[in-house]
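Commentary on secondary and tertiary structure
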Amino acid sequence: MVVEGEMGEVAEGGAQVRRLILSGTGRVVSRCRGFTAEALADWGWIPPDSESAGERIEDVLLLVSEVVTNACLHAGGPEELVLRHAHGVLRVEVSDRSPDPPRRQAPRSPALPGGHGLILLDRLAGDWGSVPRPDGGVGKVVWLEINLPERPRWHRPR
């Protein structure tokens, strides 16, 4: 079983927050992508109102796939996915039990599979990194932040 439990949306300091508690590695990537897409739809990112917004949503789903896959491959699987949305910025956090921070692999041919996840994070996320788990538990949290392109003026609330 991939999902042990889901917690609903909670407001924290003006941000909308959703948490997905995870265990194991089976089907966890697709589950996290679906959870993220549902949150983006609820927060108004989906459906996109422009081509650039649609591309940004695809970037978000790709980045969620990458950080969750890295947790599966290098840290025994993710334990929690947290999405924080405030003021057009999405913060994605994936916690796992490995204390080792993400490390870049030696450069490889782009034609070869694997080893490109951190390059994607560098190129597509506004910022990213890892920190020790804030609860003092064993492991780390890999996080990334991504902005939604601004809506046209006619979409902005007055």
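Given the structure is predicted, the values throughout are model-derived calculations rather than measurements.

Structural notes on the pattern of salt bridges
Scanning the entire structure with this criterion turns up ten salt bridges. Between Arg-84 and Glu-93 there is a salt bridge, with its nearest N and O atoms 3.0 Å apart. When its relative accessible area of 12% is taken as the criterion, Glu-93 is described as buried. By sharing partners, the salt bridges in this structure join Glu-79, Arg-97, Arg-133 and Asp-135 into a single network.

Focus: the confidence of the model for the protein chain
In the predicted model, the protein chain carries a mean pLDDT of 83, and the fraction of residues at 70 or more is 77%. Counted against residues more than four places away or in other chains, residues 1–5, with its pLDDT under 50, gives 15 contacts.

A short note on helix α1 (residues 28–42)
With 15 residues, α1 should cover 21 Å at 1.5 Å per step; its first-to-last C-alpha distance of 21 Å lies within 8% of that length. All of the buried residues in α1 are Val-28, Cys-32, Phe-35, Thr-36, Ala-39 and Leu-40. For α1, the buried positions fall inside an angular range of 135° around the axis, keeping them on one side. Just beyond α1, the residue with positive phi is Gly-44, at close to 90°.

Quick word on the side chain of Thr-36
The residue Thr-36 is located in helix α1 in this model. The class for Thr-36 is buried, based on a relative accessible area of 0%. Reaching out from Thr-36, the side chain makes a polar contact with the backbone oxygen of Cys-32 at a distance of 2.8 Å. In this view, Thr-36 contacts Val-60, Leu-61, Val-64, Leu-81 and Leu-83; residues no more than four positions away in its chain are not counted.

Topic: unusual backbone geometry
Along the chain, Ile-46 connects to Pro-47 via a cis peptide bond; the corresponding omega equals 5°. Inspection of the secondary structure assignment puts Pro-47 in the loop between α1 and α2 (51–74). Non-glycine residue Arg-27 carries a positive phi angle of around 60°. On the secondary structure map, Arg-27 appears in the loop between β2 (15–22) and α1. You can call Arg-27 exposed: its relative accessible area is 68%. A positive phi angle, near 55°, is found at His-87, a position not held by glycine. Along the chain, the position of His-87 falls in the loop between β3 (78–86) and β4 (89–96).

Regarding α2
Taking 1.5 Å of rise per residue, the 24 residues of α2 would be expected to cover 34 Å, and the 34 Å separating its terminal C-alpha atoms lies within 8% of that figure. In the segment just after α2, Gly-76 is the residue with positive phi, at about 75°.

Some points on the packing of α1 against α2
Contact geometry of α1 with α2 gives a least axis separation of 9 Å together with a crossing angle of 145°. Along this stretch, α1 crosses α2, giving a crossing that reads as right-handed. Residues Val-28, Val-29, Cys-32, Arg-33, Thr-36, Ala-37 and Leu-40 of α1 lie in contact with α2, whose contacting residues are Ile-57, Val-60, Leu-61, Leu-62, Val-64, Ser-65, Val-68, Thr-69 and Cys-72. Class assignment for the residues of the contact of α1 with α2 results in twelve nonpolar, three polar and one charged.

Conventions and cut-offs
Residues numbered from 1 in each chain as written. Predicted model: local features only at pLDDT ≥ 70, side-chain atom pairs only at ≥ 80, totals over all residues. Heavy atoms only, no water. Salt bridge = Lys/Arg side-chain N within 4 Å of Asp/Glu carboxyl O. Buried < 20%, exposed > 50% of the residue type's maximum accessible area, 1.4 Å probe, protein only. pLDDT = per-residue confidence, 0-100. Contact = heavy atoms within 4.5 Å. Helix = DSSP H or I, 4+ residues; strand = E, 2+ residues; numbered from the N terminus. Expected span 1.5 Å × (residues − 1). Arc of directions from axis to C-beta. Polar contact = N/O pair within 3.5 Å; in protein donor to acceptor, adjacent residues only side chain to side chain. Axes fitted to C-alpha atoms, helices over the stretch in contact; angles between N-to-C directions. Left-handed = near helix turned anticlockwise from the far one by under 90°. Nonpolar A, V, L, I, M, F, W, Y, C, P; charged D, E, K, R; others polar.

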